[in-house]
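A look at the structure
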Amino acid sequence: MVARRRLGRRFGWLWAAYAVSTFGTRLAFDAFALIAILVLHAGPTKVSVLAAAGLAVGAVVAVPLGPWVEFRRKRPVMVAMDLTRFVALMSVPAAYALGLLGFVQLLVVSVVVGAADIAFNAAGGAYLKAIVRPEDLVVASGRFESTNWTATVLGPPLGTAAIGFFGPVLTVVTDAVSHLLSAAGIRAIGGHEPQPVRAGTKEVRLRFGGLFEGWRYILAHPALRPLFLNTVLVSGLIMATSPLLAVLMLGDLGFAPWQYGLAFGLPCVGGIIGSRLAPQLVARFGRHRVMLTAGTLRACWLLGPAFVRPGVAGLVLVIVVEFGLITCMGVFNPVFAAYRLDRTATDRVARTLSAWSVTSKATVAVMTGLWGLLAGITGPRVAIAVAGLLMLLTPFLLPRHDHTPHHERDLARSPT
């Protein structure tokens, strides 16, 4: 079957490193917020600032990292970013043990980790394109996506149980160690990685204009530009409504915390199913058609939670809606990731992925704040409905035409 293709030893180590760090991060889900609440006794304003500022400032800090990553060997960059995350995260339990932990340190660590995440993903995407054949990118991306959703299903419940027994600081240690193990896995790939060739006589990273090369490239590209606008807006709308739905369910409607956890944990199985189906769907229908269809269906679900009511029926509605949304995302994300890598020139991958990630994180931070203000004026249900209606417009931003050359379409559909 397509999903069982052997992608080689280097991909195997890269996938293993990703799996370890992803599970570690999911185990520590919301650990900083819990530390702020339980250890530092922070109020809702500080907790919100911790979440939003970590994303926004981390994204700004990461702006110069795209050009820096582009002209360096990618494996050393990934190892360096893993070690950076390890050291930053381990500073939290160290400060806690010494009685020195404060809110400012949590904020700084969240910024450093956020920026390192962006640089790591930019380098990882470029390295993936270098070691995997174009026709195998959907399969490779599907395995990452499946791993991500599996970790999302298992990690938060296990992490919550660990927090209950040992406290939130221990889960931060687990997250830190997972990045150390990831660095070891990437080092184990071995082999020689050639130094990237710089175009022209000047290093782009030393020019101020070079900081924005990723955005210029995306916005000038006929296939990437609509996908960029679509994915940034979709992720912003989904994440902006997440805290509002928590307030609606746990506050106004009186759902128990375990019901809320079930409503968002169980549907993540759809992400595993979707990511496993993606390569087979591409082999049968073609990459562009699957991406367009899944991207359109993905937009149809966000309006549903605006109609949730108390009781079992309301809980089932949320589960069904989230399952549909996450399944569509499970199909769309690996196909989109492969398409983006395939359409991006080799000497632009790191800058493009970095610009994409910076914009996405900054947009999530801004839209989360805006929707919080809207919910304060209209109530969470109306704010969720507004986001759902806007979501219905996002399929119009998907590329309507396939820009892939005919011979590459045949490779993408090849089952072997």
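Below is a short write-up of the structure. If you're wondering where the values come from, they're calculated on a predicted model, not measured in any experiment.

Once that is clear, we can look at the overall build of the protein chain. Broken down by element type, the protein chain carries 17 helices and 0 strands. Out of the 416 residues in the protein chain, the part that is buried amounts to 52%. Here the contacts in the protein chain between residues at least 6 apart in sequence split such that 87% fall between residues at least 24 apart. In the structure as shown, the protein chain presents an accessible area of about 18,500 Å², 70% of it carried by carbon and sulfur atoms.

Another point: the packing of aromatic side chains. Tallied over the full model, the rule gives 7 aromatic pairs. Consider the rings of F11 and F144, whose centres lie 5.5 Å apart with planes at 70 degrees: the pair is edge-to-face. Of the two residues, F11 is situated in helix α1 (residues 9-27) and F144 in helix α7 (residues 137-166); the sequence distance between them amounts to 133 residues. F144 shares its class with F11; the two are buried. Between F332 and F336, the aromatic rings sit 5.6 Å apart at their centres with planes inclined by 10 degrees, giving stacked as the arrangement.

Below, the discussion takes up helix α5 (residues 74-97). End to end, α5 covers 35 Å across 24 residues, agreeing with the expected 34 Å (1.5 Å per residue, within 8%). Just downstream of α5 lies G99, where phi reads positive at about 75 degrees.

This next bit is on the side chain of T327. The topology assignment puts T327 in helix α14 (residues 312-343). Beyond its immediate chain neighbours, meaning those up to four positions away, T327 contacts G270, G271 and G274.

Take the pattern of salt bridges next. Under the counting rule described, the total for this entry stands at 9 salt bridges. Note that R133 is salt-bridged to D136, the shortest N-O span being 2.8 Å. For R348, the salt bridge is made with D347, and the minimal N-O distance between the two is 3.1 Å. Through salt bridges that share partners, E213, R216, D347 and R348 make up one connected network.

This brings us to the packing of α5 against helix α6 (residues 103-131). Running from N to C, α5 and α6 cross one another at 160 degrees; their axes reach a closest spacing of 9 Å. If you check the angle between α5 and α6, you find them roughly antiparallel. For the pair α5 and α6, the crossing hand works out as left-handed.

A word on the packing of helix α15 (residues 349-378) against helix α16 (residues 380-391). Viewed as axis vectors pointing N to C, α15 and α16 meet at an angle of 130 degrees, and their least axial separation amounts to 7 Å. With respect to α16, the axis of α15 lies oblique. Crossing hand, α15 versus α16: right-handed. Residue-level inspection shows W371, L374, A375 and T378 of α15 in contact with α16, the latter providing P380, V382, A383, V386, A387 and L390. Looking at the contact of α15 with α16 residue by residue, the class counts come to 9 nonpolar, 1 polar and no charged.

Along the chain, R26 falls in helix α1. Along the primary structure R26 and G155 are separated by 129 residues, whereas in three dimensions their C-alpha atoms are 4.7 Å apart. Setting aside anything within four residues of it in sequence, one finds R26 in contact with N148, A151, T152, G155 and P156. At a separation of 2.5 Å, a polar atom in the side chain of R26 contacts the side chain of N148.

Burial in helix α9 (residues 213-220) covers these residues: E213, G214, W215, Y217 and I218. Summarising the contacts, the buried residues of α9 are in contact with α10 (224-252), α14 and α15.

The next thing to look at is the layout of surface pockets. Here the second largest pocket is characterised by a volume of approximately 420 Å³. At the level of elements, α5 and α6 are the ones that each hand at least two residues to the lining of the second largest pocket.

On to the side chain of T359. Here T359 shows up in helix α15. Residue classification places T359 among the buried positions, given a relative accessible area of 17%. Separated by 2.8 Å, the side chain of T359 and the backbone oxygen of A355 make a polar contact. Once residues within four sequence positions are removed from consideration, T359 is found in contact with W215, F228 and V232.

Parameters and conventions
- Residues numbered from 1 in each chain as written.
- Predicted model: local features only at pLDDT ≥ 70, side-chain atom pairs only at ≥ 80, totals over all residues.
- Heavy atoms only, no water.
- Helix = DSSP H or I, 4+ residues; strand = E, 2+ residues; numbered from the N terminus.
- Buried < 20%, exposed > 50% of the residue type's maximum accessible area, 1.4 Å probe, protein only.
- Contact = heavy atoms within 4.5 Å.
- Areas by Shrake-Rupley, 256 points an atom, 1.4 Å probe, with all protein chains shown as cover.
- Phe/Tyr/Trp six-rings, centres within 6.5 Å; stacked < 30°, edge-to-face > 60°.
- Expected span 1.5 Å × (residues − 1).
- Salt bridge = Lys/Arg side-chain N within 4 Å of Asp/Glu carboxyl O.
- Axes fitted to C-alpha atoms, helices over the stretch in contact; angles between N-to-C directions.
- Parallel < 35°, antiparallel > 145°, perpendicular 65-115°, else oblique.
- Left-handed = near helix turned anticlockwise from the far one by under 90°.
- Nonpolar A, V, L, I, M, F, W, Y, C, P; charged D, E, K, R; others polar.
- Polar contact = N/O pair within 3.5 Å; in protein donor to acceptor, adjacent residues only side chain to side chain.
- 1 Å grid on protein atoms, 1.4 Å probe; cavity = no way out; pocket = protein on both sides within 12 Å on 5 of 7 lines; lining within 4 Å.
- Points joined across faces, edges and corners; volume = space filled by probe spheres on them.

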